[in-house]
Amino acid sequence: MNGSFLFRLKLWFLRANKQLWVKATYFALLAIFSAIASLYLSEFVPFDISQKIGADTVDTILNILASSMLAVTTFSLTTVVSAYAAATSSVTPRATKLLMADSTAQNALSTFIGSFIFSLIAIIFLNSGLYDQKGRVVLFVVTLGVIAIIIATLIRWIGHLSKLGRVGETSELVEQVTEKALLARAEDPYLGAHPLFDRETDIPGDAVPVQSDQVGNIQYIDMGKLAFLSTEKDMDIYVAELPGAFVSISSPLVYAGKQLSNETRRELLKAFVIGHERDFEQDPRFGLCVLAEIASRALSAAVNDYGTGIDIINRGVRLLTKYALAERRIEIKHPKVWVPPLTVADLFSDIFAPILRDEGGIMAIDVKLMKAFAALHQLDNEQFREEARKYSRQCYEHAAGTLLLNEDKKALRTLMLD
């Protein structure tokens, strides 16, 4: 077993659990199982209890449940679709992927759909005469449990609806998933391989390039498969592109330390999952780019939302600070594989360069950016200090060409890092 099958299986479950229909299917199967289980649990019900519960009690409750859950599910789906549309137009289309994978919304919709299916199946069984008096008691108890779950879900869902699709809530979702990806990369900066700092010097001149057979963005890299191939074929492997990079059929994905057969080339290519768009899990830079998109849209002349721009700058500083302070554990688990690092220059470029380009000399944003760069400059990391000084100078140069008042230029000049 080279690890590729387990990687693909894990990736399939990761993607499947983000789909609404998958969770809805889980709840539907659980509902059907509950209705069927009630048929076989009747023998554990005392006879005197079964006499106290009327025969029509469960029928009435299930009919109410079926009609109300269908209406609630339809309303909730309409609300969710509207939230997706609002996020696309007012935040960024790249963030809708996170909204669609929102566990609270998926669990609520799945609970409503599952409850509707449960009541429907139970009504069919009741009208078919499959339940005796004791079976109705079991079904009554199960129905009460379903109602309790529905009430708890409705309370949570109502609170969640007030925030669904809002700019602040969507920005929070993007920050959370970006933080997770950044900290994962910080803890394992080279994905268990050796660092590849300079492609020109670290990759041997006689290394064999393996070019992509697809056009798209790298979403995941199966490091287990690369490690297996490097050991099995006794060759060094140099990864040329990280997740998030756009590749074409002329782009080398890896360089191999020896000549390769066509079969080995195909196996190396299978270690790269390439899709039509970027993904958040192994690509922390994508999250920073999405945050920058939110800020750029907020600072556009059509929206003119300075508050959101400032909020995104705060989030960027918070994410980069956590990344800088995270503990690095460089453990070489793949001794014959080399991987390039995630550079601080790229991180700064992803989050701050678009904001500098689009803020258009807004004094409040310029001051906030200067303070953000000052905060990052104070970190005990020379790379962060260098980039903070660089972007501080760029911010002043951008502002100097657009600000009208000399007082504003002087005030900004005092904030610039030397």
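Everything below is about the structure shown above.
Quick summary incoming for the structure in this document. (Residues numbered from 1 in each chain as written. Predicted model: local features only at pLDDT ≥ 70, side-chain atom pairs only at ≥ 80, totals over all residues. Heavy atoms only, no water.)

Once that is clear, we can look at the overall build of the protein. Check the secondary structure of the protein and you find 17 helices and eight strands. On C-alpha atoms alone, the protein measures out to a radius of gyration of 28 Å, which is more than a quarter above the 22 Å that the 2.2 N^0.38 rule sets for 418 residues. Seen through its C-alpha atoms, the protein measures out along the principal axes to roughly 85 × 65 × 35 Å. A total of 418 residues make up the protein; the buried ones form 47% of that total. (Helix = DSSP H or I, 4+ residues; strand = E, 2+ residues; numbered from the N terminus. Rg over C-alpha atoms; globule rule 2.2 N^0.38 Å. Buried < 20%, exposed > 50% of the residue type's maximum accessible area, 1.4 Å probe, protein only.)

Moving on: the sheet that holds strand E3 (residues 216–221). Hydrogen bonds between backbone groups are what pair the strands of a sheet, and the pairing can be parallel or antiparallel. Ordered by their spatial adjacency, three strands build an open sheet running E5-E3-E7, and the pairing between neighbours is antiparallel. Of all strands in the sheet, those with a lone pairing partner are strand E5 (246–247) and strand E7 (272–275), marking the two edges. (Pairing = 2+ DSSP bridges.)

Our next topic: the environment of Ala240. With respect to the element layout, Ala240 can be found in the loop between strand E4 (237–239) and E5. For Ala240, a relative accessible area of 3% translates into the label buried. Ala240 sits 15 residues away from Tyr255 along the chain, and the two C-alpha atoms are 7.1 Å apart. In this structure Ala240 touches Arg199, Pro252, Leu253, Val254, Tyr255 and Pro340, once residues within four positions along its chain are discounted. (Contact = heavy atoms within 4.5 Å.)

Moving on, we come to helix H8 (residues 167–187). The terminal C-alpha atoms of H8, which comprises 21 residues, lie 30 Å apart, in line with the 30 Å expected from a rise of 1.5 Å per residue. Regarding H8, the residues found buried are Glu169, Thr170, Ser171, Leu173, Val174, Glu175, Val177, Thr178, Ala181, Leu182, Arg185 and Ala186. Structurally, H8 contributes buried residues whose contacts are with helix H5 (96–100), helix H7 (133–161), helix H12 (284–298), helix H13 (306–325) and helix H14 (344–358). (Expected span 1.5 Å × (residues − 1).)

A word on the packing of aromatic side chains. The geometry of an aromatic ring pair is captured by the separation of the ring centres together with the interplanar angle, meaning the angle of the planes. A complete count under the given rule lists eight aromatic pairs for this structure. When the centroid spacing of 4.6 Å and the interplanar angle of 40 degrees are considered together, the rings of Phe280 and Phe286 count as tilted. No difference in accessibility class separates Phe280 from Phe286, as the two residues are buried. When the centroid spacing of 5.8 Å and the interplanar angle of 35 degrees are considered together, the rings of Phe348 and Tyr391 count as tilted. You can see Phe348 sitting in helix H14 and its partner Tyr391 sitting in helix H16 (residues 382–400), a full 43 residues away along the chain. (Phe/Tyr/Trp six-rings, centres within 6.5 Å; stacked < 30°, edge-to-face > 60°.)

Turning next to the environment of Leu369. Secondary-structure assignment places Leu369 in helix H15 (residues 363–377). For the pair Leu369 and Ser261, spaced 108 residues apart in the sequence, the C-alpha separation amounts to 52 Å. Aside from chain neighbours lying at most four places away, what touches Leu369 is Ile313, Phe352, Ile355, Leu356 and Cys395.

What follows concerns the side chain of Thr143. Position of Thr143 relative to the elements: it lies in helix H7. Classification of Thr143 by relative accessible area gives buried; the value is 1%.

A few words now on the pattern of salt bridges. Within this structure, the stated rule accounts for 19 salt bridges. In this structure, Glu277 engages Lys97 in a salt bridge whose closest nitrogen and oxygen atoms are separated by 3.3 Å. Of this pair, Glu277 sits in the loop between E7 and H12 while Lys97 sits in helix H5, placing them 180 residues apart in sequence. Here Glu277 falls in the partly exposed class, since its relative accessible area comes to 46%. Here Lys233 ties to Glu232 by a salt bridge, and the two come within 4.0 Å at their closest N and O atoms. Residues joined in a network through salt bridges with shared partners are Glu172, Glu175, Asp311, Arg315 and Arg318. (Salt bridge = Lys/Arg side-chain N within 4 Å of Asp/Glu carboxyl O.)

Let's shift gears to a nonpolar patch on the surface. A contiguous nonpolar surface patch, about 530 Å² in accessible area, is contributed by Leu6, Leu9, Trp12, Phe13 and Tyr26. Among the elements that take part in the nonpolar patch, helix H1 (residues 4–16) stands out by supplying four residues, more than any other. Residue position: Leu9 is located in helix H1. (Patch = residues over 30% accessible without salt bridge, like charges linked within 9 Å, V, L, I, M, F, W, Y side chains within 5 Å. Areas by Shrake-Rupley, 256 points an atom, 1.4 Å probe, with all protein chains shown as cover.)

A probe matching the size of a water molecule, rolled over the atoms, marks out where space remains unfilled. The final tally for this structure, using the stated rule, is one cavity of 30 Å³ or more. Computed from the structure, the largest cavity encloses a volume of approximately 30 Å³. Lining the largest cavity we find Leu20, Val80, Tyr84, Leu99, Met100, Asp102, Ala105, Gln106 and Leu109. Among the elements of the structure, helix H4 (57–90), H5 and helix H6 (103–127) are those that each provide at least two residues to the lining of the largest cavity. Take the lining of the largest cavity: its biggest share by element is three residues, from H6. Taken together, the residues of the lining of the largest cavity sort by class into seven nonpolar, one polar and one charged. (1 Å grid on protein atoms, 1.4 Å probe; cavity = no way out; pocket = protein on both sides within 12 Å on 5 of 7 lines; lining within 4 Å. Points joined across faces, edges and corners; volume = space filled by probe spheres on them. Nonpolar A, V, L, I, M, F, W, Y, C, P; charged D, E, K, R; others polar.)

Glycine aside, residues mostly have negative phi angles, and peptide bonds mostly take the trans form. Despite not being glycine, Leu191 has its phi angle at roughly 55 degrees, a positive value. Looking at the element boundaries, Leu191 is found in the loop between H8 and strand E1 (194–195). Not every positive phi belongs to a glycine, and Asp234 is a case in point at roughly 50 degrees. Mapped onto the elements of the fold, Asp234 is located in the loop between helix H10 (223–232) and E4. Since its relative accessible area comes to 56%, Asp234 is described here as exposed.

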